[in-house]
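What follows is each chain in one-letter form.
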Amino acid sequence: MKVRLAAVASLCCVLTLIVSFSNSDPIRSQTTKVSSSNGLSQAEQDLLTEINLARAQPQVYASYLAKLKPLFNGKEYKNGDLAVTTEEGWSAVEDAIKFLRAAKPLGPLTVSHGLSLAALAHCKDQGGSGTTGHKGTDTSLIEQRVKPFGTWQGGIGENITYGNESARERLLTWLIDDGFPSRGHRRRLISADYRVAGVSCGPHPEFQSMCVITLAGGFVDLQPVKTATVPKTNTATSSNKSKTTNKNSNKGKSP
């Protein structure tokens, strides 16, 4: 699993040339300041905005990928002094182009506070441990991590990206999904089954930076429990964080 994730991270380097393409394209990554009302940082908002642009106009993102073809020779990608060996080569990019050209426009993912908290929990966990992948240091998966924050509706899934890349480079890496036959990362992002999302980005000791996006068909935040008021007592109250150990299906999780 870690080998594959490292391969995905290295492919981000391949996609740095997309920045030069996007400078003249009609759709660009958003870099303006955003309101903090949804709780997202600038980097997190940029990533969500980029994903929603791809959902709205998938054919435009297919055109970005099509410009990479002259730079591939089998599994080798070369652009000037940069040379990278991918797992699948141009065929993975071509597969993404076909998918995007056939995709219908979708509405935007809206921000879920509970899903963002679940993404933040995983980001902090791996930021401290240096681990990678979908399993937490406590062996939890996304289905367990969201439980303290609410309940999901429909499917649920999680995408993770490692490295210091732009929002567009992160997204294009997920869309290509090199080395992942199920194309789970791509299919989650460009799917009408997922309508809400949470995003968290933070430091990672090995890859410098990471971003986690959690997606679901719907999400209902856990309502805070109101404690009964006991008059004229000095009883201290304490909060107990519950640890969930129930097993659930891993629907929507990438391999």
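Look up: the structure comes first, before these words.
Described in the following lines is the structure provided in the data block.

Conventions and cut-offs
- Residues numbered from 1 in each chain as written.
- Predicted model: local features only at pLDDT ≥ 70, side-chain atom pairs only at ≥ 80, totals over all residues.
- Heavy atoms only, no water.
- Helix = DSSP H or I, 4+ residues; strand = E, 2+ residues; numbered from the N terminus.
- Buried < 20%, exposed > 50% of the residue type's maximum accessible area, 1.4 Å probe, protein only.
- Contact = heavy atoms within 4.5 Å.
- Phe/Tyr/Trp six-rings, centres within 6.5 Å; stacked < 30°, edge-to-face > 60°.
- Lys NZ or Arg CZ within 6 Å of the ring centre and 35° of its normal.
- Pairing = 2+ DSSP bridges.
- Disulfide = S-S within 2.5 Å.
- Axes fitted to C-alpha atoms, helices over the stretch in contact; angles between N-to-C directions.

### Considering the overall build of the chain
Looking only at helices and strands, one finds 9 helices and 7 strands in the chain. For the chain, the residues scored as buried account for 48% of the 255 residues in total. Across the chain, every contact between residues at least 6 apart in sequence was considered, and the portion connecting residues at least 24 apart equals 74%.

### Comments concerning the packing of aromatic side chains
This model, assessed by the stated rule, comprises 4 aromatic pairs. Aromatic pair F72 and Y77: ring centres 5.4 Å apart, planes at 65°, arrangement edge-to-face. For the residue pair F72 and Y77, the accessibility class agrees, reading buried in each case. Seen from their ring centres, F72 and W90 are 5.8 Å apart, and the 55° between their planes marks the pair as tilted. Note that F72 is positioned in strand β1 (residues 72-73) and W90 in helix α5 (residues 90-102), a separation of 18 residues in sequence. A single burial state applies to F72 and to W90, both of which are buried. Among the aromatic residues, ring-to-ring pairing joins F72, Y77 and W90 into one connected group. Its guanidinium or amino end placed over the ring of F99, R186 lies 5.2 Å from that ring's centre, counting from NZ or CZ.

### Re the pairing of strand β7 (residues 208-221)
The side chains of a regular strand alternate, first on one face of the sheet and then on the other. Extensive coverage of β7 is indicated by the burial of 11 of its 14 residues. Taken together, the 11 bridges between strand β5 (residues 150-162) and β7 define a ladder with antiparallel strand orientation. Residue pairing across strands places E158 opposite T214, the latter belonging to β7. Relative to β7, strand β6 (residues 196-204) runs antiparallel, the two being bridged by 9 bridges. Looking at β7, one finds that G198 is bridged to T214. The hairpin formed by β6 and β7 contains 3 residues between the paired strands.

### A look at the state of the cysteines
Disulfide: a covalent bond formed between the sulfur atoms of two cysteine residues. Scanning all chains against the criterion turns up 1 disulfide. One disulfide in the model links C201 with C211; its S-S distance is 2.0 Å. Looking down the S-S bond of the C201 and C211 bridge, the torsion is 110°, so its handedness is right-handed. Separated by 10 residues along the polypeptide, C201 in strand β6 and C211 in strand β7 bring together distant segments of the chain. C201 supplies the cysteine sulfur nearest to C123, a cysteine that is in no disulfide, at a spacing of 6.5 Å.

### Considerations on the sheet that holds β5
Strands sit in the order β4-β6-β7-β5 across an open sheet of 4 strands; the sheet is mixed. With partners counted over all chains shown, the strands left at the sheet margins are β4 (110-111) and β5, one partner each. In this fold helix α3 (residues 42-56) packs onto β4, β6 and β7, with an angle of close to 135° to the strand it touches most, β6. With respect to the sheet, helix α6 (residues 113-129) is in contact with β4, β5, β6 and β7, its orientation differing from that of β6 by roughly 20°.

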